[in-house]
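Summary of structural features
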Amino acid sequence: MIEVRNLSKRYGGTTAVDDLAFTVRPGRVTGFLGPNGAGKSTTMRILLGLDRPTGGRALIDGAPFARLREPLRRVGALLETTPAHGGRRARDHLLWLARSNRIPEGRPTEVLRLTGLDGVARKRIKHLSFGMGRRLGLAAALLGDPPVLLLDEPVNGLDPEGVLWIRNLMKRLAAEGRTVFVSSHLMSEMAVTAEHLIVIGRGRLLADTTMAGFIAAN
Ligand code: ADP
Ligand code: ADP
């Protein structure tokens, strides 16, 4: 479960997140919808301990990220950043992540298969296509078999096959009982993946409703 309580973030004179409060429950895909600049990435970065809030709290299964033990086993994330460690081979990168996070050593092979990366496992990260790079990010997110997943605009820039594949994966992960929180600036994308919707604009909560309720009301 994800809990955001009276969360605020200012950058100088810009208010990126403004007294935001919502809960994301397990067992379904929850969409995080808002136009570019609405504050989605900022909220996700705070949830992942990559940024500090100006006010309020962001909790994953009851604790702020900084207090999670073995964080990769508690929460997996796919952010919009370009992959680091470009000189490493894809498989070696996952092996290194597993080793440094006390994740069972068979797990990299499993997530390579799950994300369809078997064929490029020995390539260096910088030589992967954009879509394969995103899959590797997802493989890293799934490595610790975490109950909570945060995905920031995961289908952006993917080809149609990649888009369908990620949509199906997200639904399967939610059906397994995980908390899946996925951002997009596209209502059309949310409509086909999310059962529940958190809508924000200018850092403020605009709606927190089932997808059916949102469509009926708009
Ligand atoms: P979204 O993910 O919904 O597109 P963001 O969270 O990236 O929105 O941005 C929300 C607002 O905060 C925007 O006005 C953006 O310019 C601003 N912002 C985000 N990160 C920073 C930063 N590091 N420094 C200054 N302003 C930022
Ligand atoms: P088992 O060894 O019992 O098959 P797994 O968790 O490895 O357990 O696989 C069960 C299913 O769960 C897989 O078919 C796949 O769809 C999904 N899965 C496996 N690993 C993950 C993960 N880290 N995150 C989300 N889903 C996963």
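Everything in this summary refers to the structure shown in the same document. From a predicted model like this one, the values you see are computed outputs, not experimental measurements.

1. Let's talk about the sheet that holds strand β7 (residues 179-184)
Read across the sheet, six strands follow the order β5-β6-β7-β3-β8-β9 without closing on themselves; strand pairing throughout is mixed. Because the sheet does not close on itself, it has two edges, and the strands there are β5 (75-78) and β9 (204-210). Pairwise comparison of adjacent strand axes, ignoring direction, gives a mean angle of 15 degrees for this sheet. Across four bridges, the pairing between β5 and strand β6 (residues 148-152) is parallel. If you follow L78 over to β6, its bridge partner there is L151. The strands touched by helix α1 (residues 40-47) are β3 (28-33), β6, β7 and β8 (196-201); relative to β7, the strand with the most contacts, the crossing angle is about 150 degrees.

2. Remarks on the pattern of salt bridges
Tallying each qualifying case throughout the model produces 10 salt bridges. D51 is the salt-bridge partner of K9, the closest N and O atoms lying 3.4 Å from each other. Of this pair, K9 sits in strand β1 (residues 2-11) while D51 sits in the loop between α1 and β4 (55-60), and the two are 42 residues apart along the sequence. No difference in accessibility class separates K9 from D51, as the two residues are buried. Within this structure, K9, R45 and D51 form a network of salt bridges that share partners.

3. Quick word on the side chain of T193
Among the secondary structure elements, T193 is positioned in helix α6 (residues 187-193). At 3.0 Å, the side chain of T193 forms a polar contact with the backbone oxygen of E189. The residues touching T193, leaving out its near neighbours within four places in the chain, are V29, R167, M170 and K171.

4. Here we look at the site of ligand 1
Close contacts around ligand 1 come from Y11, T14, A16, P35, N36, G37, A38, G39, K40, S41 and T42, and that covers them all. In this structure, an oxygen atom belonging to ligand 1 sits 3.0 Å away from a main-chain N or O atom of G39. Relative to its unbound accessible area of 550 Å², ligand 1 is 58% covered by the protein chains. Breaking the shell around ligand 1 down by element, the ones donating at least two residues are β2 (14-24) and α1.

5. Quick notes on the nonpolar core
In this structure, V29, L94, L136, L151, M170, V180 and L197 are the most contacted members of the largest nonpolar core, which totals 41 residues. Setting aside anything within four residues of it in sequence, one finds L197 in contact with G31, L33, M187, M190, A207, D208, T209, M211 and F214.

6. Some remarks on α1
For α1, the tally of buried residues reaches six of eight residues, placing the bulk of the element in the interior. Taken together, the buried positions of α1 are occupied by K40, T42, T43, M44, I46 and L47. One or two residues past the end of α1 sits G49, with phi positive at roughly 70 degrees.

7. Concerning the site of ligand 2
Taken together, the residues surrounding ligand 2 are R107, E110, L114, L142, D145, R172, L173, E176 and R178. Between a nitrogen atom of ligand 2 and a side-chain N or O atom of D145, the distance comes to 3.2 Å. When residues of the shell around ligand 2 are traced back to their parent elements, those giving at least two are α3 (107-114) and α5 (160-175). Among the elements that make up the shell around ligand 2, the one with the highest residue count is α3 (three residues). A breakdown of the residues in the shell around ligand 2 according to their chemical character gives three nonpolar, no polar and six charged.

Basis of the calculations
Residues numbered from 1 in each chain as written. Chains lettered and ligands numbered in written order. Predicted model: local features only at pLDDT ≥ 70, side-chain atom pairs only at ≥ 80, totals over all residues. Heavy atoms only, no water. Pairing = 2+ DSSP bridges. Helix = DSSP H or I, 4+ residues; strand = E, 2+ residues; numbered from the N terminus. Axes fitted to C-alpha atoms, helices over the stretch in contact; angles between N-to-C directions. Contact = heavy atoms within 4.5 Å. Salt bridge = Lys/Arg side-chain N within 4 Å of Asp/Glu carboxyl O. Buried < 20%, exposed > 50% of the residue type's maximum accessible area, 1.4 Å probe, protein only. Polar contact = N/O pair within 3.5 Å; in protein donor to acceptor, adjacent residues only side chain to side chain. Near = heavy atom within 4 Å. Areas by Shrake-Rupley, 256 points an atom, 1.4 Å probe, with all protein chains shown as cover. Core = buried A, V, L, I, M, F, W, Y, C linked by side-chain atoms within 4.5 Å. Nonpolar A, V, L, I, M, F, W, Y, C, P; charged D, E, K, R; others polar.

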